[in-house]
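# Descriptive structure summary
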Amino acid sequence: MNNKSIKGILLVAIGASSYGIVATFIKKGLADGYTTAELTFAQALVGASVIILLNLISNRVSSSKAINRPSRKDIFKLMLGGIPLGLTSTFYYLSLRYIPVSVCIVMLMQSVWIGVVVDLLVNKIKPAPIKLVSILIVLIGTVLATNVLNADVELDWRGIFWGFLAAISYSLTFLATNNIATGYRPMVRSMFMLIGSLIMVSMVWGYSLMQKFDPSVLWTWGLILAFFGTVLPPLLFTKGMPLVGVGLGGIIASIELPVSVTMAYLFIHETVNVYQWIGIVLILFAIALMNISFIKMLKPN
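No experiment lies behind these values; they were computed from the predicted model shown.

## Some thoughts on the confidence of the model for the protein chain
Per-residue confidence for the protein chain gives a mean pLDDT of 86, with 91% of residues at or over 70. The least confident element of the protein chain, judged by mean pLDDT, is helix α14 (residues 292–296) at 55; the most confident is helix α4 (residues 83–95) at 93.

The following block contains the structure:
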């Protein structure tokens, strides 16, 4: 591999790892007495504000002729595309109220096969046999990783339900990111999508926020959640993905799964047994198998 590939791998890995530690921060924020509504809104508000500020700075630095400004129609589309982004955070953080981080992140990773289903329904792309095998491995890995075979473990169905909805929203977020107004700068697209996400989060949690909102959440957990979950990953992915390609990038990004579980083990002392680790490894293997054709592209001719 050349230096650009190595740089791309590091950027994508750090970006995915940033996503992976957010769940632990949410758990700690809940333990501090903040509500899911406060934490979700704080991340959305601070994240959108930072991206807007970065865009303003970027526009100042760049020459006006070089800036490709989106039309009103495309702005509206991008804001609509931010809806599943806001719903992903909402559903994922609700899931964290009822089940461990290790199970939540495994539920979120169901987006691996849900994305294949979305491609089939929306883009009419039939899955290759290797993808069907990968889906089967993901499902087997999920059974092990969620620890449902352990008779002593009772998982709250609400956590599983919200986690599955988060996976669906996560898949739709990727669909929107890859298809809506792709001709504009990534930071500009991110800004309008995050504004749409903030509007959605405000609508969903508006009533709860009127009942209870502690502004201190903005500069405590809001800053941390926004940095690691909203600002840093897109910037690193934007830089790193073109250097490694979407296929390899998707494999590297799956590091979010073990990072999330490890963080929960180290900082909130969640227990993870051998069978769960085997399930996690199977899911990682399935993700790599699903993108095997992209790995071949890295081999020298």
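Next comes the rest of the description.
## Let's talk about the nonpolar core
Tyr92, Ile105 and Leu257 are the most contacted members of the largest nonpolar core, which has 52 residues in total. Here this core gets seven residues from one element, more than from any other, and that element is helix α5 (residues 101–108). Membership of the second largest hydrophobic core comes to 20 residues, among which are Ala44, Ala48, Tyr184 and Trp205.

## Comments concerning a nonpolar patch on the surface
On the surface, Ile52, Leu53, Leu56, Ile57 and Val61 cluster together into a nonpolar patch covering about 480 Å² of accessible area. Residue isoleucine 52 is classed as partly exposed on the basis of its relative accessible area, which comes to 31%.

## Quick look at the pattern of salt bridges
In the structure shown here, the tally under the stated rule is two salt bridges. The salt bridge partner of glutamate 38 is lysine 212, with a shortest N-O separation of 3.0 Å. Residue glutamate 38 is located in helix α2 (residues 36–61), and its partner lysine 212 is located in the loop between α9 (186–211) and α10 (216–244); the two are separated by 174 residues in the primary sequence. For glutamate 38, a relative accessible area of 0% corresponds to the buried category. Taking the shortest distance from any N to any O, the salt bridge between aspartate 156 and arginine 158 comes out at 2.8 Å.

## Here's the deal with the side chain of serine 216
Considering the arrangement of structural elements, one finds serine 216 in helix α10. According to the relative accessible area criterion, serine 216 is buried, its value standing at 16%. Side-chain polar atoms of serine 216 contact the side chain of aspartate 214, separated by 2.9 Å.

## A closer look at the layout of surface pockets
Volume-wise, the second largest pocket comes out at about 160 Å³. Taken together, Ile51, Ser58, Arg185, Pro186, Met187, Ser190, Pro234, Leu235, Leu236, Thr238 and Lys239 make up the full set of residues lining the second largest pocket. If you list the elements that add at least two residues to the lining of the second largest pocket, you get α2, α9 and α10. Among the elements that take part in the lining of the second largest pocket, α10 stands out by supplying five residues, more than any other. Residue composition of the lining of the second largest pocket, by class: six nonpolar, three polar and two charged.

## Thoughts on helix α3 (residues 72–81)
Among the residues of α3, Asp74, Leu78 and Gly81 are the ones counted as buried. Each buried residue of α3 lies within a common arc of 55 degrees when the element is viewed along its axis, so the set occupies one face. The outward face of α3, more than 90 degrees from its buried face, is lined by the exposed residues Arg72, Lys73 and Phe76. If you follow the buried residues of α3, they end up packed against α4, α8 (157–179) and α9.

## A short note on the packing of aromatic side chains
Geometrically, a pair of aromatic rings is defined through the distance of the ring centres and the angle of the planes. Tallied over the full model, the rule gives eight aromatic pairs. Taking the centre distance of 5.8 Å and the plane angle of 85 degrees together, the rings of phenylalanine 41 and phenylalanine 213 count as edge-to-face. Within this pair, whereas phenylalanine 41 is found in helix α2, its partner phenylalanine 213 is found in the loop between α9 and α10, the two being separated by 172 residues in sequence. An aromatic cluster of three or more residues is present, and its members are Phe25, Trp221, Phe227 and Phe228.

## Looking at the packing of helix α1 (residues 3–31) against α10
One way to put it is that α1 packs onto α10 with a least axis distance of 8 Å and a crossing angle of 160 degrees. The orientation of α1 relative to α10 falls into the category roughly antiparallel. As for the relative orientation of α1 and α10, their crossing is left-handed in sense. Here the contact of α1 with α10 is built from residues that sort into 22 nonpolar, seven polar and four charged.

Parameters and conventions
- Residues numbered from 1 in each chain as written.
- Predicted model: local features only at pLDDT ≥ 70, side-chain atom pairs only at ≥ 80, totals over all residues.
- Heavy atoms only, no water.
- pLDDT = per-residue confidence, 0-100.
- Helix = DSSP H or I, 4+ residues; strand = E, 2+ residues; numbered from the N terminus.
- Core = buried A, V, L, I, M, F, W, Y, C linked by side-chain atoms within 4.5 Å.
- Buried < 20%, exposed > 50% of the residue type's maximum accessible area, 1.4 Å probe, protein only.
- Patch = residues over 30% accessible without salt bridge, like charges linked within 9 Å, V, L, I, M, F, W, Y side chains within 5 Å.
- Areas by Shrake-Rupley, 256 points an atom, 1.4 Å probe, with all protein chains shown as cover.
- Salt bridge = Lys/Arg side-chain N within 4 Å of Asp/Glu carboxyl O.
- Polar contact = N/O pair within 3.5 Å; in protein donor to acceptor, adjacent residues only side chain to side chain.
- 1 Å grid on protein atoms, 1.4 Å probe; cavity = no way out; pocket = protein on both sides within 12 Å on 5 of 7 lines; lining within 4 Å.
- Points joined across faces, edges and corners; volume = space filled by probe spheres on them.
- Nonpolar A, V, L, I, M, F, W, Y, C, P; charged D, E, K, R; others polar.
- Arc of directions from axis to C-beta.
- Contact = heavy atoms within 4.5 Å.
- Phe/Tyr/Trp six-rings, centres within 6.5 Å; stacked < 30°, edge-to-face > 60°.
- Axes fitted to C-alpha atoms, helices over the stretch in contact; angles between N-to-C directions.
- Parallel < 35°, antiparallel > 145°, perpendicular 65-115°, else oblique.
- Left-handed = near helix turned anticlockwise from the far one by under 90°.

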